[in-house]
Amino acid sequence: MKIICIGRNYADHAKEMKSALPTEPIYFLKPDTSLLKEKVFYLPKFTKDLHFECEIVIKIDRVGKNIPLEYAHKYYSQFTLGIDFTARDLQQECKEKGLPWEIAKSFDNAAPISESWLNKDEYDLNDLSFQFFQNEELKQDGKTRDMIFSVDTLITYVSQFITLKTGDLLYTGTPAGVGQVHIGDVLTGYIEGVKVLELEVA
Ligand code: MG
């Protein structure tokens, strides 16, 4: 499986990163070794500024290529929350040098994921609210209606370039409020008021 992550999909986050708003979706990949289903994340030594980015994650459940927009909704049925961990210091260096972002985004355990999946038929995916807390302090308060590109648009766009396969994950971008994590932090995430994610940083 592969992990497809969308960048700059919320205007308020693009603004806090001093990045331009995209006119087409921006994506990058994390390998399967980035997936973390455990409850503990060990802070890696190669970064001094690891940031959380809480994101709605879609699980792809059909193989598809060049998926038309009107059929995109048939390619997933479940979603949850995940964290797109980012070594912000390394990413900044990559940006300045025009280098790819993999060392900053695609390291082992850089994609924690909840094991509680929600069924899309029971929610309006285009009007979800989700929150992320660091040590019980609200850091990110997202609304999927603020996404620049909808989930279906993202699926259609990405599938022009990469075949989507069953079990692939789509991290749909983070709202404003990203910040640094520290050893001892407890990170929690909620969708529509229901806790789906809890991760301890060690
Ligand atoms: Mg992200």
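On a predicted model such as this, the values are computed, not experimentally measured, just so you know.

Enquirer: So what about the pairing of strand β7 (residues 76-83)? Which residues, and what values?
Expert: Counting buried positions along β7 gives 6 out of 8 residues, so the element sits mostly inside the fold. One ladder, built from 7 bridges, connects strand β6 (residues 54-60) with β7; its direction is antiparallel. Along β7, the bridge assignment pairs isoleucine 60 with tyrosine 76.

Enquirer: Please give an account of the sheet that holds strand β15 (residues 186-191) that cites residues and values.
Expert: Pairing is mixed in the open sheet, where 5 strands are placed in the order β4-β16-β15-β11-β12. Edge positions in the sheet fall to β4 (40-41) and β12 (137-143), since each of these pairs with one other strand and no more. Across 6 bridges, the pairing between β15 and strand β16 (residues 194-201) is antiparallel. Across the sheet, threonine 188 pairs through a bridge with glutamate 198, a residue of β16.

Enquirer: An account of the sheet that holds strand β8 (residues 86-87) is needed here, citing residue identities and associated values.
Expert: Strand order in the open sheet formed by 3 strands is β8-β5-β14, with antiparallel pairing between adjacent strands. Looking at which strands have only one partner, the edges of the open sheet turn out to be β8 and β14 (179-180).

Enquirer: Quick rundown of the side chain of threonine 86? Include the residues and the values.
Expert: Checked against the element boundaries, threonine 86 lands in strand β8. Beyond its immediate sequence surroundings of up to four residues, threonine 86 is in contact with Asp49, Leu50, His51, Glu53, Gln91, Ala104 and Lys105.

Enquirer: Tell me about the pattern of salt bridges, residues and numbers included.
Expert: As enumerated under the stated definition, the model contains 10 salt bridges in all. Ionic pairing is found between lysine 30 and aspartate 84, a salt bridge with its closest N-O pair at 2.7 Å. Placement of lysine 30 in strand β2 (residues 26-30) and of aspartate 84 in the loop between β7 and β8 is noted, with a sequence separation of 54 residues between them. Assigned by exposure class, lysine 30 and aspartate 84 land together as buried. For glutamate 137, the salt bridge identified is with lysine 139, shortest N-O distance 3.5 Å. The exposure class assigned to glutamate 137 is partly exposed, which follows from its relative accessible area of 46%. On the basis of relative accessible area, lysine 139 is assigned to the partly exposed category, the value being 30%. Bridged by salt links that share partners, the residues Lys30, Glu53, Asp84, Arg88 and Lys105 form one connected network.

Enquirer: Give a description of the nonpolar core that names residues and reports values.
Expert: Counting 46 residues, the largest nonpolar core has Phe85, Ile155 and Ile191 as its most contacted members. Of all the secondary structure elements, the ones that give two or more residues to this core are β1 (3-7), β5 (50-52), β6, β7, β11 (129-134), α4 (151-158), β15 and β16. The element that contributes the greatest number of residues to this core is α4, accounting for 5 residues. Listed in part, the 9 residues of the second largest apolar core include Ile3, Cys5, Val57 and Ala111.

What counts and how
Residues numbered from 1 in each chain as written. Predicted model: local features only at pLDDT ≥ 70, side-chain atom pairs only at ≥ 80, totals over all residues. Heavy atoms only, no water. Buried < 20%, exposed > 50% of the residue type's maximum accessible area, 1.4 Å probe, protein only. Helix = DSSP H or I, 4+ residues; strand = E, 2+ residues; numbered from the N terminus. Pairing = 2+ DSSP bridges. Contact = heavy atoms within 4.5 Å. Salt bridge = Lys/Arg side-chain N within 4 Å of Asp/Glu carboxyl O. Core = buried A, V, L, I, M, F, W, Y, C linked by side-chain atoms within 4.5 Å.

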